[in-house]
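Per-entry structural report
Now for the letters of each chain:
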Amino acid sequence: MRLSRIFMALTVGLAVAAVPTAAGAAQPQPPVYTPGEASLTVTPTTIRLGETFTLRGEGFAPGPVTINVTITGNPNAAPAQGSVRSDGSAVAMTAVAYQQPQSAPTTFTVTADGEGNFTTTYQPTRTGRHVFTAVQGSQEDSATGIVLPARPDRPGRPPHGGGNLPVTGDSIGTPLKLGGGLAGAGAVLVLLSLAWRRRGRFGIGSR
């Protein structure tokens, strides 16, 4: 009897010890994440100052990703838009620079989701070639965007809603001079007519 009790106690103890091991083996283990090939894209690739880039990253590990921005060069300004006068001559408009109170950062951090992807935006504050480099450990990729000068304001309509420019300066002087000359000629003709009538009335020049 005593020996059987000892065997029974050992059996129960081994069963209790095996329960946590079996329970741990039955629980699902989280999958091991294997990052793919990191890639970074910028859309659109060319914008005007005041517009915004969209940065998209794929293939990173979940967690923080550092974005470095390198700005070089200054592309030629786009031709300024202008208006055309009624006489066919063009009026050039000067490009208006877009200003912000604070410069855009050249280094910032984004967070990749559980699948290693992220999306963020970036608004430049100066023109030029912008190279964005996403870095996370040994993972790295770059993409480039071009920032052109801001688009000039659209010209307004002619004053008074008409298509012709108002007449000013010497263009008014010519009609005034012509009118004055005609008035003087008319006065001379009136005086000559009166003199001719008086001469005929008193018989001057008659035989």
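Given the structure is predicted, the values throughout are model-derived calculations rather than measurements.

1. What about the sheet that holds strand 3 (residues 53–58)?
Reading across from one edge, 1-3-8 is the order of the three strands in this open sheet, with antiparallel pairing throughout. Either end of the sheet is taken by a strand with one partner, and the two such strands are strand 1 (39–43) and strand 8 (118–122). Looking at each pair of strands side by side, their axes are set apart by 20° on average, direction ignored. Pairing analysis gives five bridges linking strand 1 to strand 3, with the strands arranged antiparallel. Bridging from a neighbouring strand, Ser39 pairs with Glu58 of strand 3.

2. Considerations on the confidence of the model for the protein chain
A residue-level look at the protein chain finds 49% of positions with pLDDT of 70 or above and a mean pLDDT of 74. Confidence drops under a pLDDT of 50 for residues 76–80, and excluding neighbours within four residues, the segment shows six contacts in the predicted structure. Here residues 154–163 scores under 50 on pLDDT; set against residues more than four positions off or in separate chains, the count is three contacts.

3. A few points about the sheet that holds strand 10 (residues 139–148)
The five strands lie next to each other as 2-10-9-4-7, forming an open sheet whose pairing is mixed. Edge positions in the open sheet fall to strand 2 (46–48) and strand 7 (107–112), since each of these has one partner strand only. On average, each strand axis in the sheet is inclined to that of its neighbour by 30°, with strand direction left out of account. Summarising the sheet, strand 9 (residues 128–136) and strand 10 pair through nine bridges and their orientation is antiparallel. Along strand 10, the bridge assignment pairs Gly128 with Val147.

4. Structural notes on unusual backbone geometry
Peptide bonds are trans in most cases, and residues, glycine excluded, mostly fall at negative phi. That bond from Thr43 to Pro44 is cis: its omega, -15°, falls within 30 degrees of zero. Among the secondary structure elements, Pro44 is positioned in the loop between strand 1 and strand 2.

5. Let's talk about the side chain of Gln136
Position of Gln136 relative to the elements: it lies in strand 9. If we ignore the near neighbours within four places in the chain, the residues touching Gln136 are Phe60, Ala61, Pro62, Gly63, Pro64 and Val65.

6. Side note on the packing of aromatic side chains
Working definition: an aromatic ring pair is given by the centre-to-centre distance plus the angle between the planes. Scanning the entire structure with this criterion turns up four aromatic pairs. On the numbers, 5.7 Å between centres and 50° between planes, the contact of Phe60 with Phe118 is tilted. Here Phe60, found in the loop between strand 3 and strand 4 (63–72), pairs with Phe118, found in strand 8; they are 58 residues apart in sequence, far enough to count as distant. Across the pair, exposure class does not vary: Phe60 and Phe118 are buried alike. Centroid distance Phe108 to Tyr122: 5.8 Å. Interplanar angle 15°. Geometry classified as stacked. Of this pair, Phe108 sits in strand 7 while Tyr122 sits in strand 8, and the two are 14 residues apart along the sequence. When its relative accessible area of 4% is taken as the criterion, Tyr122 is described as buried.

7. With respect to the side chain of Gln139
Mapped onto the elements of the fold, Gln139 is located in strand 10. In terms of polar contacts, Gln139 uses its side chain to reach the backbone carbonyl oxygen of Gly59, at 3.1 Å.

8. Details of the environment of Gly116
Relative to the elements of secondary structure, Gly116 occurs in the loop between strand 7 and strand 8. Residues Gly116 and Gly36, spaced 80 residues apart in sequence, show a C-alpha to C-alpha distance of 8.6 Å.

9. Focus on the nonpolar core
The tendency in soluble globular proteins is for nonpolar side chains to be buried as a group. Ranked by size, the top nonpolar core spans 22 residues in total, and within it Leu55, Val65, Ile67, Phe118, Tyr122 and Phe132 carry the most contacts. Discounting chain neighbours no more than four positions away, the residues touching Tyr122 are Thr52, Phe53, Leu55, Val69, Ala104, Pro105, Phe108, His130 and Phe132.

Criteria and thresholds
Residues numbered from 1 in each chain as written. Predicted model: local features only at pLDDT ≥ 70, side-chain atom pairs only at ≥ 80, totals over all residues. Heavy atoms only, no water. Pairing = 2+ DSSP bridges. Helix = DSSP H or I, 4+ residues; strand = E, 2+ residues; numbered from the N terminus. Axes fitted to C-alpha atoms, helices over the stretch in contact; angles between N-to-C directions. pLDDT = per-residue confidence, 0-100. Contact = heavy atoms within 4.5 Å. Phe/Tyr/Trp six-rings, centres within 6.5 Å; stacked < 30°, edge-to-face > 60°. Buried < 20%, exposed > 50% of the residue type's maximum accessible area, 1.4 Å probe, protein only. Polar contact = N/O pair within 3.5 Å; in protein donor to acceptor, adjacent residues only side chain to side chain. Core = buried A, V, L, I, M, F, W, Y, C linked by side-chain atoms within 4.5 Å.

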